[in-house]
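# Structure at a glance
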Amino acid sequence: MTKSNIFFMGCSIAILAFSWIGCNSQTPQNNEDKSTEKEKPKMQPVHDAQPYNHLQAEKSPYLLQHARNPVDWYPWGEVAFAKAQREDKPIFLSIGYSTCHWCHVMAHESFEDQEVAKLLNESFVAIKVDREERPDVDNIYMAVCLRLRGNGGWPLTILMTPDKQPFFAGTYFSKAGMLELLPLVGQRWKTQREQLLGDAAQITASLEEAFTPTASPSKTLPEIAFRQLARQFDRKYGGFGQRPKFPSPHNLMFLLRYWRRTQNQESLTMVVQTLTAMRQGGIYDHVGFGFHRYSTDERWFVPHFEKMIYDQAMLTMAYVEAYQATGNLLFRQTADEILAYCLRDMQAPTGGFYSAQDADSEGEEGKFYLWSETHLRSLLSSADADLVARAFQVEAAGNFDDEASGRKTGLNLLHLEKSWAAIARDIKLSEAELSDRWAKIRGQLWEAREKWVHPHQDDKILSDWNGLMIAALAKAAQAFGDARYIKAAQWAADLVLNTMCKDGRLLHRYRDGEAAIAAYIDDYVFMVAGLIELYEACFELKYLQAAIDLNEMAIKHFWDERQGGFYFTADDHEALLVRQKEIYDGAIPSGNSVAMYNLLRLARLTGKTELESKAALIAKLFAATVAQVPSAYCQFLCGVEFGLGPAYEIVIVGNLEQQDIQTLVRELYRYFIPHKAVLLKPNDPQGDVLSRIVPFIEHYRSMQGKATVYVCQNYACQKPTTDTVEMLKQLGAEAKK
C-alpha cells in the first residue's frame with residue numbers, strides 16, 4: 001500500500017482540513033507555522049473548580065497540566081486499554097510535552113471545552129502521553145504520522161483501536177476541527193468498523209522497518225555529506241536551508257571533524273559563520289543567556305521561544321569544539337554563557353538538570369523576552385538606552401511583528417546585526433569598553449526581567465538529557481580548565497548513578513522524589529558518553545567504571561544479537577506495536593549513532609577490541625540507509641570519521657597534583673583533537689586499580705619521576721615523552737590549529 005493510499009483511507013476522514021502547527025517537528029523542512037489570518041488564541045488558566053481526572057496522581061508536568069480538563073484523560077497503561085476493550089471504544093491518543101506552545105493552544109481551545117470533552121468522553125477513551133517521559137510511544141506514533149502525512153509535530157493526535165493499532169494521525173486541531181472529526185470517527189467506528197480495522201492493520205504492518213547489514217560504510221560518505229551540507233548552506237545568514245532553521249549542532253560537530261581530517265576550509269567556514277550568526281541573532285537570549293529552540297526565519301531573528309536542556313548541551317559542545325579548533329574567544333564566551341544559564345536556572349538542588357522552559361508566559365509566546373523602547377529607557381540612563389537601541393536594533397514601533405497580521409507590536413527582540421567589534425568601531429569605543437558597558441547594562445535588564453512572570457519550567461530530570469549536559473560540562477572543563485564545570489557535572493552524574501539506578505539498570509525520569517520509567521537506549525548511551533567525558537576531565541575511576549558498566553548493561557538488554565544494532569527499548573520492556581531501532585539524527589542524535597562513537601572510544605580506553613567489532617556491526621547495519629542522504633546522519637558520520645582517523649589512545653602516567661601533569665593535560669585539551677581516548681595512570685594504588693580495569697597499561701611507567709605521555713594509534717605506541725611540545729607533535733595538533 002502506498003503512502004498516498006494510506007493517507008486517503010476513509011476519504012470522509014481524510015478530507016477534514018486540519019493544519020499542522022507543531023512545536024518541534026522531526027522534519028524541519030515541513031516545520032512551518034501554517035496559521036493564517038486569525039490571531040493565535042490567548043491561553044487562559046485552567047479552571048481550578050474542575051474536578052480531577054485520572055491524571056491527578058501522575059508526576060509528569062505535562063500530564064498534570066491536563067489533570068483538571070473536563071476530558072476524562074487516562075495515562076498510558078492497561079487500565080485505559082482495558083476500558084476501551086470493555087466499552088468497545090476507539091482510543092483518542094494525544095501526545096505532547098509541557099513546554100509546547102501549540103499543545104497549550106489545543107488544550108485551551110479544545111480539551112478545556114465542555115462541548116469537545118463531552119464528545120470525547122462519550123465515544124472514545126482519551127489517553128494523554130508526555131513524549132519526553134515516553135519517547136518509545138511517541139516514536140512509534142510519530143512514525144505513523146510521518147507515513148500518513150509526510151510531516152509531523154506536537155501536539156500529536158492519533159486515533160487507534162483498543163489494541164493500539166492506529167487508523168488516523170494528525171497534529172493540532174482547532175475546536176471546530178475537533179467538533180467535525182470526533183462525531184465522524186465515532187459514527188464510522190459503529191458503521192464502518194471493518195474498513196477502519198483493515199486500515200489499522202495495514203498501517204501497523206508498514207511500521208516494520210527492516211535494516212539489513214551490508215558492507216562497511218563507504219569512505220566517501222563524509223565527503224558526500226559535506227557536499228550536501230555545502231549545497232544547503234545559507235551563505236548570507238549561516239545555517240542550512242531557509243526557514244525555519246534549527247541549530248543542529250551535531251551537523252557542525254561533524255563538519256569540524258571533517259575539516260580536521262581533510263583541512264577543507266569551506267567546512268570550517270560553514271561552522272564559524274553559523275555559530276557566529278546564531279550567537280548574534282534573536283535565537284540567543286542576550287539578557288539571560290541560553291538558546292531558544294529554533295528560528296522561524298532564515299536569519300536567526302525570531303525564535304520559537306522555548307528553551308530545551310538538550311539544545312543547551314549540544315550547542316555548548318559545538319561552541320567548545322569550535323573554540324578549540326579556531327581559538328575564537330566569542331565561541332568560548334558563548335559556551336560559558338550557556339552554562340551560566342544552565343547552572344543558574346536549570347540545575348536542580350539535587351544536582352540534575354531540568355528538562356525545559358516554556359515559550360509562553362501570561363498566555364503569550366515570547367512575552368518574557370520582548371522589550372518596548374519606553375520600558376528600556378525607563379530602566380537605563382539615556383546614554384545606555386541609546387547604546388542598546390543602536391547595538392540591538394531597538395525601534396520605537398518595535399522590531400518584532402505580530403506573526404499573523406504582520407503589524408508592528410511596539411515590542412523588540414534584542415539581536416545583533418554586526419559583530420561586537422564592528423559596533424565598537426561605529427560608536428568609537430574600544431571593544432573592551434563596549435563589553436564592560438554592556439555587562440553592566442545587561443545586569444540591570446536581567447534584574448528587571450527577573451521580576452516579571454517567568455515561563456513555566458518543566459522540572460523533571462531525564463537520564464538521557466542529563467547525560468548530554470554532563471558531556472557538555474566536562475568538555476568545557478577540559479577546554480577551559482574550569483573546575484566549576486567538573487563539580488557541576490559530577491553532581492549531576494552522581495544523582496543519576498545513585499538515585500536513578502536500580503539493580504544496575506537506569507531509570508528514565510526523576511521528579512518530586514521519585515525515580516521511575518524503565519530507561520531507553522538513549523538514556524544508557526548518552527550517560528555513557530557523558531561519563532567518558534567526565535572521566536577524561538577529572539580522571540576519577542568511578543566514572544570510567546560506571547561508563548563501562550552501563551555500556552555492558554545496554555549490550556545485555558538492547559543489543560540485537562542476530563543483526564546488530566541497538567533497539568530503542570529493552571528486551572523486557574512493555575510490548576508495543578513494534579520494537580524500533582533509531583538511526584536518524586534529528587533534534588538530538590540517535591542512540592545508535594552515539595553508541596557507535598561510545599564503543600569506539602571504550603574499545604581504546606579498555607583495550608577490548610570486541611567493542612570496536614560491535615561498532616562496526618552498527619555501521620554495517622545502517623550503511624545503506626545512511627548512504628541515501630548522508631547529511632541526515634551527521635552523528636553517525638562522526639563515528640565514521642573516528643574510523644577514518646587519525647584516532648589516538650593517550651596514556652598519561654603521573655599524579656594529577658603534579659604541576660607538570662596539570663600543564664600537560666591543559667595543553668592536550670587546548671587543541672581540537674576529537675578522536676582520542678585519554679587515560680591517566682597515577683603513581684599510587686589507584687594506578688593498580690586502573691590496571692585491573694584496563695590491563696594493557698599495567699607496564700606503563702613514568703620517566704625520571706616526570707609526567708610521561710604515551711601516544712598510541714591502533715594500540716601501537718610512539719616513543720614516550722615528557723615534553724609537551726613533542727606530545728603535540730605526535731598528535732599533529734600544532735599543524736591542525
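Residues numbered from 1 in each chain as written. Predicted model: local features only at pLDDT ≥ 70, side-chain atom pairs only at ≥ 80, totals over all residues. Heavy atoms only, no water.

### A few points about the pairing of strand β9 (residues 354-357)
Note that strand β8 (residues 307-308) and β9 share two bridges and pair antiparallel. Among the inter-strand pairings, Met 308 is bridged to a residue of β9, identified as Ala 356. Where β9 and strand β12 (residues 457-462) come together, three bridges link them in antiparallel fashion. Opposite Ala 356, over in β12, you have Asp 458 as the bridge partner. (Pairing = 2+ DSSP bridges. Helix = DSSP H or I, 4+ residues; strand = E, 2+ residues; numbered from the N terminus.)

### Observations regarding a negative patch on the surface
Judged by side-chain charge, Glu 657, Asp 684, Asp 688 and Glu 698 come together as a negatively charged surface patch. If you trace the backbone, Asp 684 turns up in the loop between β17 (676-681) and α27 (685-693). (Patch = residues over 30% accessible without salt bridge, like charges linked within 9 Å, V, L, I, M, F, W, Y side chains within 5 Å. Areas by Shrake-Rupley, 256 points an atom, 1.4 Å probe, with all protein chains shown as cover. Salt bridge = Lys/Arg side-chain N within 4 Å of Asp/Glu carboxyl O. Lys, Arg positive; Asp, Glu negative; His and termini not counted. Charge placed at Lys NZ, Arg CZ, Asp CG, Glu CD.)

### Description of the packing of helix α8 (residues 175-191) against helix α9 (residues 193-206)
One can describe the packing of α8 onto α9 by two numbers: an axis separation of 5 Å at closest approach and a directional angle of 100°. By the angle between their axes, α8 is roughly perpendicular relative to α9. For the pair formed by α8 and α9, the contact residues are Arg 188, Trp 189 and Thr 191 on the first element and Arg 193, Gln 195, Leu 196 and Leu 197 on the second. (Axes fitted to C-alpha atoms, helices over the stretch in contact; angles between N-to-C directions. Parallel < 35°, antiparallel > 145°, perpendicular 65-115°, else oblique. Contact = heavy atoms within 4.5 Å.)

### Considerations on the sheet that holds strand β4 (residues 156-160)
Two orientations exist for strands paired in a sheet by backbone hydrogen bonds: parallel and antiparallel. If you walk across this open sheet you meet the five strands as β1-β3-β2-β4-β5, and the pairing is mixed. The open sheet has two free edges, formed respectively by β1 (74-75) and β5 (166-170), since each of these has just one partner strand. Relative to strand β3 (residues 125-130), β1 runs parallel, the two being bridged by two bridges. Residue Tyr 74 lies in a different strand from β3, and its bridge partner there is Ile 127.

### A few points about the state of the cysteines
A full pass over the atoms with the stated rule returns two disulfides. Between Cys 100 and Cys 103 runs a disulfide, and the two sulfur atoms are separated by 2.4 Å. Handedness of the Cys 100-Cys 103 disulfide follows from its S-S torsion of about 80°: it is right-handed. Cys 103 carries the same exposure label as Cys 100, and that label is buried. Disulfide partner of Cys 712: Cys 717, at an S-S distance of 1.9 Å. Its S-S torsion of about 80° marks the bond between Cys 712 and Cys 717 as right-handed, since a negative value means left-handed. Cys 103 provides the cysteine sulfur closest to Cys 145, a residue in no disulfide bond, and the two sulfurs are 13 Å apart. Overall, the relative accessible area of 0% leaves Cys 145 in the buried class. (Disulfide = S-S within 2.5 Å. Buried < 20%, exposed > 50% of the residue type's maximum accessible area, 1.4 Å probe, protein only.)

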